Amino acid sequence: RPGAPVTRALCCVMLARVFFPEELDRFEAQAQGQPWYWPSLMALARKGILAGTWWSTDDSWRGADDSWRRTEDIWWRAEDSGNFRVDVGVSRYEMALLLYNVMARNFESISLSEQDAASQRIPDWDRVPDRYAISVSSVYAAGIITGHADGSFQGGNMVTRAQAAAVVYRLVLYLGVPMIPVVGV
């Protein structure tokens, strides 16, 4: 179902498998009785990839909102059912932030002039929330996430599975991450 939204859980699994396989292996060894996405979630949390997202080990951005909870050194919002809401889709804003965090973890950065040039090419830039501005302009400048046909970012839209696969692949190429064949999938 490539047109279906990628869920938070699936997004975590994709990113952990591709960019942090050693950390993922460590948590898979401890995953007895945990949900299927738990090793990936923990691997990304420990690497700082979830900073500033719906799950985070950093509480400096969370403010005074008491709907946030802390479990296993991860902050999460107690939405509706009071769980991690792993079945919720990932917005283009959230995906940009996750990909930007992977770039930063790999010591990759986009210059301010490149970020500014990218923001000038995004027709709906004025709708990008401040908390996502650096990540959106960075991944856009790097060509990892591209705009729609009209160049707009439409950050509130959910990322499809096909789009998630494409942007993860572009980030692999951008970072020069070696691809390890997976057997038995």
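These figures come from a predicted structure and were not determined experimentally.

Criteria and thresholds
- Residues numbered from 1 in each chain as written.
- Predicted model: local features only at pLDDT ≥ 70, side-chain atom pairs only at ≥ 80, totals over all residues.
- Heavy atoms only, no water.
- Phe/Tyr/Trp six-rings, centres within 6.5 Å; stacked < 30°, edge-to-face > 60°.
- Helix = DSSP H or I, 4+ residues; strand = E, 2+ residues; numbered from the N terminus.
- Buried < 20%, exposed > 50% of the residue type's maximum accessible area, 1.4 Å probe, protein only.
- Core = buried A, V, L, I, M, F, W, Y, C linked by side-chain atoms within 4.5 Å.
- Expected span 1.5 Å × (residues − 1).
- Contact = heavy atoms within 4.5 Å.
- Salt bridge = Lys/Arg side-chain N within 4 Å of Asp/Glu carboxyl O.
- pLDDT = per-residue confidence, 0-100.
- Axes fitted to C-alpha atoms, helices over the stretch in contact; angles between N-to-C directions.
- Parallel < 35°, antiparallel > 145°, perpendicular 65-115°, else oblique.
- Left-handed = near helix turned anticlockwise from the far one by under 90°.
- Nonpolar A, V, L, I, M, F, W, Y, C, P; charged D, E, K, R; others polar.

Turning to the packing of aromatic side chains, a few remarks are in order. The final tally for this structure, using the stated rule, is four aromatic pairs. Relative to Trp-38, the ring of Phe-27 has its centre 5.9 Å away and its plane inclined at 85°; by these criteria the two rings are edge-to-face. Separated by 11 residues along the polypeptide, Phe-27 in helix α2 (residues 21-28) and Trp-38 in helix α3 (residues 38-47) bring together distant segments of the chain. Here the two residues Phe-27 and Trp-38 agree in accessibility, since each one is buried. Ring plane angle 10° and centroid distance 5.1 Å describe the contact between Tyr-93 and Tyr-132, whose orientation is recorded as stacked. Taken together, the positions of Tyr-93 in helix α4 (residues 92-105) and Tyr-132 in helix α6 (residues 130-141) put the pair 39 residues apart, joining distant regions of the chain.

Right, let's get into the nonpolar core. Membership of the largest hydrophobic core comes to 51 residues, with the highest contact counts inside it found for Phe-19, Met-95 and Leu-99. Listed by contribution, the elements that provide at least two residues to this core are α1 (8-19), α2, α3, α4, α6 and α7 (161-175).

Along its 14 residues, α4 runs 20 Å from first to last C-alpha, staying within 8% of the 20 Å computed at 1.5 Å per residue. The buried count for α4 comes to 11 of 14 residues, which makes it a mostly enclosed element. Those residues of α4 lying buried are Arg-92, Tyr-93, Glu-94, Met-95, Ala-96, Leu-97, Leu-98, Leu-99, Asn-101, Val-102 and Met-103. Where α4 is buried, its residues contact α1, α6 and α7. Looking at the residues trailing α4, positive phi occurs at Phe-107, about 60°.

Quick look at the pattern of salt bridges now. Tallied over the full model, the rule gives two salt bridges. Two residues, Glu-94 and Arg-8, come together in a salt bridge whose shortest N-O distance is 3.9 Å. Here the residue Glu-94 occupies a position in helix α4, and Arg-8 occupies one in helix α1, the gap between them amounting to 86 residues. The exposure classification of Glu-94 matches that of Arg-8, with both residues buried.

Phi is positive for Phe-107, which is not a glycine, with a value near 60°. Structurally, the position occupied by Phe-107 is in the loop between α4 and α5 (112-121). For Phe-107, a relative accessible area of 77% corresponds to the exposed category. Although it is not a glycine, Gln-154 sits at a positive phi angle of roughly 50°. Note that Gln-154 resides in the loop between α6 and α7.

Here we come to the confidence of the model for the protein chain. Per-residue confidence for the protein chain gives a mean pLDDT of 82; residues scoring 70 or more make up 79%. A low-confidence stretch, residues 67-73 (pLDDT under 50), is modelled with 24 contacts involving residues beyond four sequence positions or located in other chains. Confidence drops under pLDDT 50 across residues 75-83; counting only partners more than four residues distant or on other chains, this segment forms 30 contacts.

What follows is about the packing of α1 against α7. Their axes nearest at 11 Å, the elements α1 and α7 cross at an angle of 25°. In this view, α1 runs roughly parallel relative to α7, as classed from their interaxial angle. Relative to α7, α1 is oriented so that their crossing is right-handed. Contact with α1, carried on its side by Leu-10, Met-14, Leu-15, Val-18 and Phe-19, involves Arg-161, Ala-164, Ala-165, Val-168, Leu-171, Val-172 and Leu-175 of α7 and no other residues of that element. Here the contact of α1 with α7 is composed, by residue class, of 11 nonpolar, no polar and one charged.

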